[in-house]
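Observations on chain architecture
Listed below, chain by chain, are the residues.
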Amino acid sequence: MTPVLPLIKKQFITTQYNAPEHFQVYTERQIDKIEALKQLSEAQRFEMKVVANVLPFRVNRYVIDNLINWQNVPEDPIFQLVFPQKGMLSDEDYNQMASVLRSTNDRSVILKNANEIRLRLNPHPAEQQSLNVPYEDNEPVEGIQHKYRETVLFFPGQRQVCHSFCSFCFRWAQFIGDKSLRFSNTEAQKLHQYLAKYKSISDLLITGGDPMVMKTDHLVAYLEPLLRPEFDHVQTIRIGTKSLSFWPQRYVSDKDSAQLLLLLERMVKAGKHVAIMAHFNHWQEMSTPIVCEAISRLRASGVVIRTQSPLLNHINNDPDVWARMWREQVRLGLVPYYMFVERDTGARRYFEVPLARAWEVYREALKRVSGLGRTARGPSMSAGPGKVEIQGVSEINGEQVFVLRFLQARNPDWVQRPFFARFDPEATWLDHLKPAFGEEKFFFQDEYDAMRNKQVSPRVYE
Ligand SMILES: *Cc1c(COP(=O)(O)O)cnc(C)c1O
């Protein structure tokens, strides 16, 4: 192939990827068509179908053929990352769906039961719909969440899907086809109007779904106008994506790969900081030649690739896995950014890890890498009031406590103030924690309650 990107240094381009690769995907109706699953028993495949009728399931061939070690199934971390497991539902919910599937093929009955179960799985954690969506002229601005003063999240309506689905996805409710639960916005214009109006916004974070599922043409429509002077305050464009893991071909051999890289390069040359927020959960996802090629090409376009992942039981609940992942990322020129705590939604029961353990994994992993690998902050809970980091476990005046701080908050003034919760070895989320030292509430509680009662958007802090 002739190098499609003249601006990329020649040595970054290898010639082995010369034809677009066919993207083939399987969903819950096609579980029996996945050749690799034939090594499992009928009963195991039935379990998968039960779960996949409640939680979204979608996997593509690249993941099946390249990222999973099939000798190590079901323990393989990437198998756990994409394929449904029985333990993802409670026994009660599992049994309800299993008996429905055994007794009927009627889609409407299956769907009715699925929806009942889904509502029990906290589909919209952290007040995302009630508190994060801004209002303009008394109308919600669809497709936008504006929780923190500097950063706007945008959910492009063009494509609210991913190349494969993560079994732990906290945005799973978007993918189950119920429109009222779905976030989307086909109107690039509305986004641009909103951004132009609020000069405190320095960061646009395009998320989804996976924005990189979109054709480059659509991305151009969202991004290119941001080069106009009225958007000078929008310094940084972040794109949240799992594509480096699930479909690195996006940057290498798709029909519009070159245009995509050129778009990113154009944004960078025009003075924007473009950050690819790459979602990697395990070093195994960074082990194929094509992901390395994709990373080279992206970096040559001038973007910065930062990485983030939740800490997940069955996938990466091991400091060695994180240390190796961060070392590998630094080697490839990526910047570790966040370690998240698995959110209180969906299949959390299967993936959650006690906060005390999360801190231990973080600390142990950090100890094993050089300073350049220690740029990931966390473990961080994206909770209603903000991103709360577990800084550690300590003893103060004879009381064992968690030391906490906000990395990001609905009120910017809450950020970086240490606060303390009673140590609880079982707690897995902020709402399990009680203030230490016999105090009644955390310092932010009254103000946060007031925001919830009044539905105040963060713009009040301008
Ligand atoms: C994490 C997050 C952001 C980005 O926060 P940074 O601290 O700038 O990385 C923005 N909005 C929401 C809703 C978030 O959860």
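Above this note sits the structure.
These lines cover the structure that appears in this document, whether it is placed above or below. (Residues numbered from 1 in each chain as written. Predicted model: local features only at pLDDT ≥ 70, side-chain atom pairs only at ≥ 80, totals over all residues. Heavy atoms only, no water.)

Evaluation of the coordinates by the stated rule reveals 27 salt bridges. When the shortest N-O distance is used, the salt bridge between Arg 266 and Glu 224 registers 2.9 Å. Linking Arg 266 in helix α10 (residues 257-269) with Glu 224 in the loop between α8 (216-223) and β8 (236-241), this pair joins segments that are 42 residues apart in sequence. Residue classification places Arg 266 among the partly exposed positions, given a relative accessible area of 38%. (Salt bridge = Lys/Arg side-chain N within 4 Å of Asp/Glu carboxyl O. Helix = DSSP H or I, 4+ residues; strand = E, 2+ residues; numbered from the N terminus. Buried < 20%, exposed > 50% of the residue type's maximum accessible area, 1.4 Å probe, protein only.)

Within the open sheet, the 11 strands sit side by side as β5-β6-β7-β8-β9-β10-β11-β12-β13-β14-β15. Their pairing is mixed. Of all the strands in the sheet, the pair left with one neighbour each is β5 (144-148) and β15 (419-422). If you compare each strand with its neighbour and ignore which way they point, the axes differ by 30 degrees on average. Pairing of strand β10 (residues 304-311) with strand β11 (residues 335-341), which is carried by 6 bridges, proceeds in the parallel orientation. When the bridges of β11 are listed, Pro 310 appears paired with Phe 340. Across the sheet, helix α14 (residues 355-367) is in contact with β10, β11, β12 (377-382), β13 (386-396) and β14 (399-409); its angle to β12 comes to roughly 155 degrees. (Pairing = 2+ DSSP bridges. Axes fitted to C-alpha atoms, helices over the stretch in contact; angles between N-to-C directions. Contact = heavy atoms within 4.5 Å.)

To find leftover empty space, a probe the size of one water molecule is rolled over the atoms. Summed over the entire model, instances satisfying the criterion amount to 5 cavities of 30 Å³ or more. The calculated volume of the second largest cavity comes to roughly 60 Å³. Around the second largest cavity, the lining comprises 13 residues; the ones closest to its centre are Pro 56, Phe 57, Val 82, Pro 84 and Ser 167. When its residues are assigned to classes, the lining of the second largest cavity shows 11 nonpolar, 1 polar and 1 charged. (1 Å grid on protein atoms, 1.4 Å probe; cavity = no way out; pocket = protein on both sides within 12 Å on 5 of 7 lines; lining within 4 Å. Points joined across faces, edges and corners; volume = space filled by probe spheres on them. Nonpolar A, V, L, I, M, F, W, Y, C, P; charged D, E, K, R; others polar.)

Looking now at the layout of surface pockets. A volume near 1100 Å³ is recorded for the largest pocket. Along the walls of the largest pocket sit 48 residues, with Phe 170, Arg 171, Thr 207, Gln 308 and Phe 340 positioned nearest its centre. Residue classes in the lining of the largest pocket are distributed as 19 nonpolar, 18 polar and 11 charged. By volume, the second largest pocket is sized at about 410 Å³. What lines the second largest pocket is a set of 16 residues, and nearest its centre among them are Phe 23, Val 213, Lys 215, Trp 247 and Asp 254. Grouping the constituent residues of the lining of the second largest pocket by class yields 6 nonpolar, 2 polar and 8 charged.

Of the pairings in the sheet, the one linking strand β9 (residues 273-279) to β10 comprises 5 bridges and is parallel in character. Residue pairing for β10: Ile 276 is matched across the bridge by Ile 305. Running through helix α11 (residues 289-300), the crossover from β9 to the neighbouring parallel element β10 is right-handed. (Right-handed = clockwise from strand over helix to strand, strands pointing away.)

In summary, soluble globular proteins display a tendency toward joint burial of nonpolar side chains. Counting 113 residues, the largest nonpolar core has Phe 83 and Leu 244 as the members making the most contacts within it. Setting aside anything within four residues of it in sequence, one finds Phe 83 in contact with Ile 34, Leu 37, Met 48, Phe 57, Val 59, Ile 64, Ile 68, Trp 70, Met 88 and Ser 167. Counting residues in hydrophobic clusters, the runner-up holds 24 residues, among them Trp 359, Val 388, Ile 390 and Leu 404. (Core = buried A, V, L, I, M, F, W, Y, C linked by side-chain atoms within 4.5 Å.)

This part is about the packing of helix α4 (residues 91-103) against helix α5 (residues 107-119). For the pair α4 and α5, the least separation of the axes is 10 Å and the interaxial angle reads 175 degrees. In this view, α4 runs roughly antiparallel relative to α5, as classed from their interaxial angle. Residues Asp 93, Gln 96, Met 97, Val 100 and Leu 101 of α4 pack against Val 109, Ile 110, Asn 113, Ala 114, Glu 116 and Ile 117 of α5. Of the residues contributing to the contact of α4 with α5, the split by class is 7 nonpolar, 2 polar and 2 charged. (Parallel < 35°, antiparallel > 145°, perpendicular 65-115°, else oblique.)

With 13 residues, α10 extends 18 Å from end C-alpha to end C-alpha; this agrees with the ideal 18 Å at 1.5 Å per step. For α10, the set of buried residues is Ser 257, Ala 258, Leu 260, Leu 261, Leu 263, Leu 264, Glu 265 and Met 267. Buried-residue contacts for α10 involve α8, β8, β9 and α11. A positive backbone phi angle near 105 degrees is found at Gly 271, which sits one or two residues after α10. (Expected span 1.5 Å × (residues − 1).)

With that out of the way, let us pick up unusual backbone geometry. For the bond from Val 73 to Pro 74, the omega torsion is 10 degrees, close enough to zero to count as cis. With respect to the secondary-structure elements, Pro 74 resides in the loop between α2 (61-67) and α3 (77-82). With an omega dihedral of -10 degrees, the bond running from Gly 378 to Pro 379 counts as a cis peptide bond. Checked against the element boundaries, Pro 379 lands in strand β12. The backbone of Asn 138 sits at a positive phi, close to 65 degrees, despite the residue not being glycine. As for its placement among the helices and strands, Asn 138 is situated in the loop between β3 (135-136) and β4 (139-140). Exposure remark for Asn 138: the relative accessible area of 73% places this residue in the exposed category. Positive phi is not limited to glycine here, since Gln 416 has a value of about 70 degrees.

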